[in-house]
Amino acid sequence: MSTFFGMETMRRAVNTNRTAIQTVGNNVANVNTPGYSRQRVNLQATGGYPATGVWTQPAMNGRVGSGVQVTGIERIRDQLLDRQYRAEAHVEGAAFIQYKILERMEDLYNEAPSDTTTSRLSDQFASFWNGWKELASGKDSQAVLLEQGKAVTDAFTHLQDSFQTEMDMLETEAELTTAKVNQILEQLHATNKDIIAAESSGQVPNELYDVQDRLLDQLSSLVPIQVSRSPKPPEHAATGAEGPYKVELKLGGSETITLVDATEEAPQLLTLEDGMQWTVGDSNQPFTYNGAGGELVGLQKAHERVGQELEDIKALAQTFAKEVNQIYAFAYSEQGGFGQEFFTIHLDDSGAFSHISVNSELSNNPKALATARFNEEGIKPEYQDEFAEKWAAWENDKDNEEAFRDLLAFLNEADHYVDGKMIIEGNVDVAKEISRLEDSAAIIGKYKDMMGKLGVETKAQRDLTEASNARLANTESNRMAVSGVSLDEEMSLLIQFQHAYNAAARAMTAMDEMLDQIINRLGVVGR
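Analysis parameters
Starting from 1, residues in each chain are numbered consecutively following that chain's sequence as written. Local features in this predicted model are restricted to residues of pLDDT 70 or higher, and side-chain atom pairs are both shown and tallied only at a pLDDT of 80 or more, whereas totals for entire chains, interfaces and linings draw on every residue. Think of the side-chain values as coming from all heavy atoms in the structure, minus any hydrogens and water. Nonpolar side chains (Val, Leu, Ile, Met, Phe, Trp, Tyr) within 5 Å and like charges within 9 Å form the patches, drawn only from residues with over 30% relative accessible area and no salt bridge. Each accessible area is a Shrake-Rupley result for a 1.4 Å probe, and residues are judged covered by the shown protein chains and nothing else. One speaks of a salt bridge when a side-chain nitrogen belonging to Lys or Arg is within 4 Å of a carboxyl oxygen belonging to Asp or Glu. By the counting rule applied here, Lys and Arg register as positive and Asp and Glu as negative, while His and the ends of each chain are not counted. One atom stands in for each charge, and that atom is NZ of Lys, CZ of Arg, CG of Asp or CD of Glu. Only DSSP runs of H or I with at least four residues qualify as helices, and only runs of E with at least two residues qualify as strands; both kinds are numbered from the N terminus onward. Stacked, tilted and edge-to-face pairs are distinguished by plane angle, under 30 degrees for stacked and over 60 for edge-to-face with tilted covering the rest, among Phe, Tyr and Trp rings (Trp via its six-membered ring) whose centres lie within 6.5 Å. The rule is simple: take the accessible area with a 1.4 Å probe, protein chains only, and divide by the maximum for that residue type; under 20% is buried, over 50% is exposed, in between is partly exposed. When the NZ atom of lysine or the CZ atom of arginine is within 6 Å of a ring's centre and also within 35 degrees of its normal, the charge is said to sit over that ring. By this rule, a helix spans an expected 1.5 Å times one less than how many residues it contains. Whenever two N or O atoms come within 3.5 Å, that pair is a polar contact, provided that in protein one can donate a hydrogen and the other can accept it, and provided that, for residues adjacent in sequence, both atoms are side-chain atoms. For two strands to pair, DSSP has to find at least two bridges joining them. Axis geometry follows a simple rule: fit a line to the C-alpha atoms, using only the stretch in contact for helices, then measure angles between N-to-C directions, giving values from 0 to 180 degrees. The labels follow the angle: roughly parallel below 35 degrees, roughly antiparallel above 145, roughly perpendicular from 65 to 115, and oblique for the rest. Crossing handedness follows the turn of the near helix against the far one: under a right angle anticlockwise gives a left-handed crossing, and clockwise gives a right-handed one. Two residues form a contact once any of their heavy atoms are found within 4.5 Å. The distinction between a cavity and a pocket rests on a 1 Å grid over the protein atoms alone: a 1.4 Å probe fits inside a cavity but cannot get out, while a pocket stays open yet meets protein on both sides within 12 Å along at least five of seven lines, and a residue with an atom within 4 Å of a point counts as lining. Grid points are joined across faces, edges and corners, and a volume is the space filled by probe spheres set on the points. Side-chain classes are defined by residue name, with Ala, Val, Leu, Ile, Met, Phe, Trp, Tyr, Cys and Pro counting as nonpolar, Asp, Glu, Lys and Arg as charged, and the others, Gly among them, as polar.

(A) Structural detail: a negative patch on the surface. Together, Asp168, Glu171, Glu175, Glu273 and Asp274 make up a region of like negative charge exposed at the surface. With three residues, helix H4 (residues 142-200) is the largest single contributor of residues to the negative patch. Structurally, the position occupied by Glu171 is in helix H4.

Pasting the structure below:
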């Protein structure tokens, strides 16, 4: 045994505890660093003296310890909790997007009970029906009624424009989110390359593993992913090397598409196509997912839902205009007889429904608004059967435009009436009949069904979002309990390693004094 054996043992102890203190300090420095995993020094006793072998027979029972050494600095991470977090993150991401858009749609309708708001579509409906009731009661309120009709059409147009704007915003958000996904994939690929290079030189790059996990947490909220480490670590990799990540896009069931391989191959990026569809890589393989799917799928489903609502409100506007027009067509107008429209239905260039407006001729001349229904009792007996036939043809199929025009053409012939009396003066039956549409299942009933469906969907999506948030927060809390830095714990370890360091230094000082005694003072008697 060397005379300096004890000094070497204490030197190892001083260096080891210094490394441990440095690691504690690094943890404290990164206590607020997002994604940082606390690190621990792995300590191991070095081989004792004498070493094993044929020529190293012990001179005593047992061996003299030679100190301590650092075998590695590892990060504390629970991969199971990471998988649980990422599995829930894409559920929360999709649910949150859909909940926010449903909540936004509720805000646009603004149908929550209120004593101050009168701009809701239901309020405009009520005012419109009341306007016809007032007209039927004999009030000279044509101009007011036309303004109330305009308010209804404006409300419909506002909702249609608002829903279209929401769809455009979702498409823009999808572009930005797709770019964010691709940016993260490229960062993961670059980090994989850095990890491969570091591990090939025998290093364990804990900080790069943390960067990877933080990027994967972000990516998991955007798209559903499946993650695995490289099964073959690089040559010369040290113990504790985790290897690069392989990231796959989940398509439902067991089907996946590789986005980032655990090699230096370029990542497969997403491309946003028309219609809120995505393709993956150069192969243009479509990305479809039937599950929760993260924010991308949430945006896709939200876009579909708003599009459906836009079509529903257009259909309601068209039904509303047609129902009113079909009744108003039987009111006699001095300018055009029977068959005039109260609402004008506008079509776009493709021939599809666009919007509705109040007939401009009525807006310009409110006095032209008619309320008297055709004089059914005044139809001559010889024309009764023909009238009944034409009426039945239209009554049995009110969407039959040809039958409707044929009926109106019959009603516009003055010869079909006794003494040519097509209407009865003072008749307000048309106004009364239109006012009774306030109980129409096709209009008010449909609108109530739409509001009920939206409310149920919003509540269900809110409950799903809250439940997913709770599960995600619970998993994150568990992860932080494992990987997070506790200042109390770190201070305790700091004191522990500091005492060990001081003790090792004191022991080294004692041994130095012993050696000084031997070297400088032993055998000096008689000099």
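(B) Structural detail: the packing of aromatic side chains. Going through the model one piece at a time under the given rule, you end up with 31 aromatic pairs. Ring centres 5.8 Å apart and planes at 40 degrees place the aromatic pair Phe387 and Trp391 in the tilted group. Highlighted residues: Phe387 and Trp391, both in helix H8 (residues 381-395), separated by four residues, approximately one helical turn. With a relative accessible area of 21%, Trp391 lands in the partly exposed category. Aromatic rings pair up to connect Tyr109, Phe125, Phe128, Trp129, Trp132, Phe156, Phe163, Phe320, Tyr328, Phe342, Phe343 and Tyr447 into one cluster. Across the ring face of Tyr245, the terminal group of Arg229 is positioned such that the distance to the ring centre comes to 3.5 Å. One Lys or Arg, Arg373, reaches over the ring of Phe330 and ends 6.0 Å from the middle of that ring.

(C) Structural context of the environment of Leu464. Mapping Leu464 onto the fold places it in helix H11 (residues 441-483). Expressed as a C-alpha distance, the spacing of Leu464 and Val91, which sit 373 residues apart in the sequence, is 9.0 Å.

(D) Inspection of helix H2 (residues 79-109) at higher detail. Spanning 31 residues, H2 covers 46 Å between terminal C-alpha atoms, matching the ideal 45 Å at 1.5 Å per step. Two or three places before Leu80, at the start of H2, stands the capping residue Asp78, its side-chain oxygen 3.0 Å from that residue's backbone nitrogen. Asn110 sits one or two residues past H2 and shows a positive phi near 55 degrees.

(E) Examining the pairing of strand E5 (residues 256-260) more closely. With four bridges joining them, strand E4 (residues 245-250) and E5 adopt antiparallel strand pairing. By the bridge assignment, Glu248 is partnered in E5 with Thr258.

(F) A look at the pattern of salt bridges. Within the structure shown, the criterion is met by 30 salt bridges. A salt bridge links Asp213 to Arg86; the shortest N-O distance between them is 3.0 Å. Of the two residues, Asp213 is situated in helix H5 (residues 206-220) and Arg86 in helix H2; the sequence distance between them amounts to 127 residues. The pair formed by Asp213 and Arg86 is uniform in burial state, with each residue classed as buried. Where Asp463 meets Lys459, a salt bridge forms, and the shortest distance between an N and an O atom there is 3.0 Å.

(G) Representation of a nonpolar patch on the surface within the structure. The grouping of Phe4, Ile518, Ile519 and Leu522 at the surface amounts to a nonpolar patch, some 430 Å² of accessible area in total. Examined against the element boundaries, Ile518 turns out to sit in helix H12 (residues 487-521). According to the relative accessible area criterion, Ile518 is partly exposed, its value standing at 45%.

(H) Summary view of the packing of H8 against helix H9 (residues 401-411). The interhelical angle for the contact between H8 and H9, taken along N-to-C directions, is 150 degrees, at an axis separation of 8 Å. With respect to H9, the axis of H8 lies roughly antiparallel. In the crossing of H8 with H9, the sense of the turn from one axis to the other is left-handed. For the pair formed by H8 and H9, the contact residues are Tyr383, Glu386, Phe387, Lys390, Trp391, Ala393 and Trp394 on the first element and Ala403, Phe404, Asp406, Leu407, Phe410 and Leu411 on the second.

(I) Representation of the sheet that holds strand E3 (residues 225-229) in the model. Spatial ordering of the open sheet is given by E3-E4-E5, a layout of three strands whose pairing is antiparallel. A single partner strand is all that each edge strand has here, and the edge strands are E3 and E5. The average angle at which neighbouring strand axes cross in this sheet is 30 degrees, direction not considered. Along the sheet face, H5 touches E3 and E4 and points at about 165 degrees away from the line of E3.

(J) Summary view of the side chain of Arg77. Tracing the sequence through the fold places Arg77 in the loop between strand E2 (68-75) and H2. Assessed through its relative accessible area of 18%, Arg77 is described here as buried. Polar contacts involving the side chain of Arg77 include one to the side chain of Ser37, which spans 2.8 Å. For Arg77, the contacting residues outside a window of four places in its chain are Gly35, Ser37, Asp82, Arg86, Asp210, Asp213, Asp217, Arg479 and Ser483.

(K) Molecular detail of the layout of surface pockets. Approximately 320 Å³ is the volume attributed to the largest pocket. Residue lining of the largest pocket: 16 residues in total, with Tyr332, Glu334, Leu369, Ala370 and Ile423 positioned closest to the centre. Classifying every residue of the lining of the largest pocket gives seven nonpolar, six polar and three charged.

(L) Region of interest: the pairing of E4. Pairing of E3 with E4, which is carried by five bridges, proceeds in the antiparallel orientation. Across the sheet, the residue bridging to Val227 is Val247, located in E4. Here E4 folds back onto E5 in antiparallel fashion, the turn holding five residues, of which Gly252 has a positive phi close to 105 degrees.

(M) The arrangement of the environment of Pro286 in detail. Summarising the element assignment, Pro286 is placed in strand E8 (residues 285-287). Classification of Pro286 as exposed rests on a relative accessible area of 51%. Counting along the chain gives 43 residues from Pro286 to Ala329, while the straight-line C-alpha distance between them is 51 Å. In this view, Pro286 contacts Ile257, Trp278 and Thr279; residues no more than four positions away in its chain are not counted.

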